[in-house]
Amino acid sequence: MARRRSSEKPPQDALEAGPPADPRRQLPAVDRLAAELLTQDARLGWSAAVAARSAIEEARAAISTGEPAPPAGALLRAAASKARALVAGRPRRVINATGIVIHTNLGRAPLSEAALEAAARASRYSDLEFDLPSGRRGDRLAGVAEKLQLLSGAEAAFAVNNNAAALMLAVNTLAAGREVVVSRGELVEIGGSFRIPEILAAAGVRLVEVGTTNRTHREDYARAIGPETGLLLKVHRSNFEQRGFVTEVALGELVEIGRKASLPVLEDTGTGFLLDWRDRGWPEESFIPGRLRLGADVVCFSGDKLLGGPQAGLLLGREETIRAMRRNPLARALRLDKLTLAVLDWTLGVLLAGRGEQEIPVLRLLSEAPEAVRSRADRIAAGLEAVHEGVEVRVEASEALVGGGSLPELRIPSWAVVLPKTPFGVDALTERLRHAAVPVVARVDRGAMWLDARTVEDAEVEPLTSAVLAALKAAGP
Ligand SMILES: *Cc1c(COP(=O)(O)O)cnc(C)c1O
């Protein structure tokens, strides 16, 4: 900054204002901001004071890094949005317009009203661990285990909190303190916090890696087996595929190696389904009855991927192996709660009744005819006809994904409403949609916003179009 010569007079307004004011002084008091929030919306209740304090603290922190004080309106909007999020509770309902059916960040498998009615029944006093005919203590998992056996042909079944828990329980039961042999091509990470080597360490076993990233042969397993080996483990890669110069040992071969060495074989299938939809392109390696027929001693998979049920980890396999798992003290720490159990039981019942496609949302979404998806996309586009100039709305063919870190190659033909051109950025539009009354999560692809109709329910067409119209209007010219 140029120094003022002493002879020069300072400008008049600077004289009156004195030294530059601390911008933090421009921030309102917490009470005043909270009162303003409540005048705007009395339903914010307790959250107003909490949100006001947090918004002001954030503004102070920003000021201390050299930013100016936010305008009063911006501060109020920030506080209001925080307060609304607090009272709305989480998880909040959102509209999934991404076209990713089992979206990990959006709660994986959506559940039906009927499934929740089963949970509601179980929420009262129930026969959870009571055998009504005999009046004695009962087995909380008996119903689910029987249905799983009927659906899969397994000798026995067990269920815990999620598939990570199922894998831990199986590995710990079969090989605690001993070695578990896994191919280097299968030491995967799934969804950030799930990594095979770390899960095995936490389960109290020693990992023995065999083969290389791209190639593992029978001899690699055979060589690694020794007196300390307790288990051969196969893991489905789930979220990526290997192509090119690759070899892996198929489950059937691994079972042969295990038999010869008298070692159990466990497969973590991750994504598993019990209906035979292989002729629709659903992959062989996720069809659980097929895996059991190949001779795996135990197979584990998630309840909320392609099964379409609640978060759970399902274990199917030999009677004595499953019995050992039930007796493991870890099983008590990983056990399913009654609400989940009720939803799981309902889901399996629907599969047994042959009504999965009609009643299980994931299966319905994946199997809906492309023409029906297109007609929903057309209705969404028609609802957007009122948009102002400068916005183009098209209906285009799209590809939906199964998602959920499962079956990365399985794509389903779909239709989407595409907004390739908006008067302001596509990112700004998608951000506004995330702040809608019912938040909408859209996909941005090749500079355009895509609303994939496969993952949108019929009843969501209206709130979705209203949200888009409002977002365009709010930020329009
Ligand atoms: C998804 C997955 C898991 C983790 O299952 P959660 O149900 O999320 O705990 C474990 N292993 C494989 C192979 C998976 O695909």
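The structure displayed is predicted, hence computed values, not measured ones.

## A word on the overall build of the protein chain
The helix and strand inventory of the protein chain stands at 19 helices and 18 strands. Dimensions of the protein chain, computed from the C-alpha atoms along their principal axes, are close to 100 × 60 × 55 Å. Classification of the 477 residues of the protein chain by burial places 45% in the buried group. Carbon and sulfur atoms provide 51% of the accessible area of the protein chain, an area that totals close to 24,200 Å².

## Comments concerning the layout of surface pockets
Taken as a whole, the second largest pocket spans an internal volume of roughly 420 Å³. Lining of the second largest pocket is provided by 22 residues; of these, D127, L128, R140, L341 and D345 occupy positions nearest its centre. Of all the elements in the fold, those that place two or more residues in the lining of the second largest pocket are α5 (113–123), β3 (130–131), α6 (142–152) and α14 (338–352). No other element matches the five residues that α14 contributes to the lining of the second largest pocket. Residue classes in the lining of the second largest pocket are distributed as ten nonpolar, three polar and nine charged.

## Quick word on the confidence of the model for the protein chain
Scored by pLDDT, the protein chain comes out at a mean of 92, with 94% of its residues at no less than 70. In the predicted structure, residues 1–8 sits below a pLDDT of 50 and forms three contacts with residues beyond four places in sequence or in another chain.

## Topic: the site of the ligand
All residues adjacent to the ligand are R108, N162, N163, A164, I190, F194, H236, S238, D268, G270, S302 and K305. Within the side chain of R108, a nitrogen or oxygen atom sits 2.7 Å from an oxygen atom of the ligand. One nitrogen or oxygen atom from the main chain of A164 is found 2.9 Å from an oxygen atom belonging to the ligand. Relative to its unbound accessible surface of 380 Å², the ligand loses 93% to contact with the protein. When residues of the shell around the ligand are traced back to their parent elements, those giving at least two are α7 (163–175) and β11 (265–270).

## Description of the packing of helix α3 (residues 47–64) against helix α4 (residues 72–88)
Orientation of α3 relative to α4, taken along the N-to-C sense of each, is 135 degrees, at an axis distance of 8 Å. Between α3 and α4, the crossing angle belongs to the class labelled oblique. Considering how the two elements wind past one another, α3 and α4 form a crossing that is right-handed. Of the residues in α4, those touching α3 at S47, V50, A51, A52, S54, A55, I56, E58 and A59 are L75, A79, K82, A83, L86 and V87. Of the residues contributing to the contact of α3 with α4, the split by class is eleven nonpolar, two polar and two charged.

## So, α7
Here α7 contains 13 residues, and its C-alpha end-to-end distance of 18 Å stays within 8% of the 18 Å for a straight helix at 1.5 Å per residue. Along α7, the residues that are buried comprise N163, A165, A166, L167, M168, L169, A170, V171, N172, L174 and A175. The distance from a side-chain oxygen at the start of α7 to the backbone nitrogen of A164 is 3.3 Å, and the residue carrying that oxygen is N162. One or two steps after α7, the chain reaches G177, where phi turns positive at roughly 75 degrees.

## Some points on the environment of I360
Here I360 shows up in the loop between α15 (356–359) and α16 (361–367). For I360, a relative accessible area of 0% translates into the label buried. I360 sits 13 residues away from T347 along the chain, and the two C-alpha atoms are 7.2 Å apart. When neighbours within four sequence positions are excluded, I360 is seen to be in contact with L307, G308, W346, T347, V350, L351 and R355.

## Some remarks on the packing of aromatic side chains
According to the stated counting rule, one finds three aromatic pairs in the structure shown. Considering the side-chain rings of W277 and W282, the 4.6 Å spacing of their centres and the 80 degrees angle between planes classify their relative orientation as edge-to-face. Three or more aromatic residues joined by ring pairs form one cluster here, namely F273, W277, W282 and F287. The ring of W277 has R280 sitting right over it, with the charged end atom 3.8 Å from the ring centre. The ring of W415 has R374 sitting right over it, with the charged end atom 4.2 Å from the ring centre.

## As for empty space enclosed by the protein
If a probe as big as a water molecule is rolled over the atoms, it shows which places are left empty. Evaluated as defined, the whole model comprises one cavity of 30 Å³ or more. Considering only enclosed or pocket space, the largest cavity measures out at about 40 Å³ in volume. Lining the largest cavity are F273, L274, L275, W277, W282, L306, L307, L351 and L363. When the residues that make up the lining of the largest cavity are grouped by side-chain class, the tally is nine nonpolar, no polar and no charged.

Scoring rules and cut-offs
Residues numbered from 1 in each chain as written. Predicted model: local features only at pLDDT ≥ 70, side-chain atom pairs only at ≥ 80, totals over all residues. Heavy atoms only, no water. Helix = DSSP H or I, 4+ residues; strand = E, 2+ residues; numbered from the N terminus. Buried < 20%, exposed > 50% of the residue type's maximum accessible area, 1.4 Å probe, protein only. Areas by Shrake-Rupley, 256 points an atom, 1.4 Å probe, with all protein chains shown as cover. 1 Å grid on protein atoms, 1.4 Å probe; cavity = no way out; pocket = protein on both sides within 12 Å on 5 of 7 lines; lining within 4 Å. Points joined across faces, edges and corners; volume = space filled by probe spheres on them. Nonpolar A, V, L, I, M, F, W, Y, C, P; charged D, E, K, R; others polar. pLDDT = per-residue confidence, 0-100. Contact = heavy atoms within 4.5 Å. Near = heavy atom within 4 Å. Polar contact = N/O pair within 3.5 Å; in protein donor to acceptor, adjacent residues only side chain to side chain. Axes fitted to C-alpha atoms, helices over the stretch in contact; angles between N-to-C directions. Parallel < 35°, antiparallel > 145°, perpendicular 65-115°, else oblique. Left-handed = near helix turned anticlockwise from the far one by under 90°. Expected span 1.5 Å × (residues − 1). Phe/Tyr/Trp six-rings, centres within 6.5 Å; stacked < 30°, edge-to-face > 60°. Lys NZ or Arg CZ within 6 Å of the ring centre and 35° of its normal.

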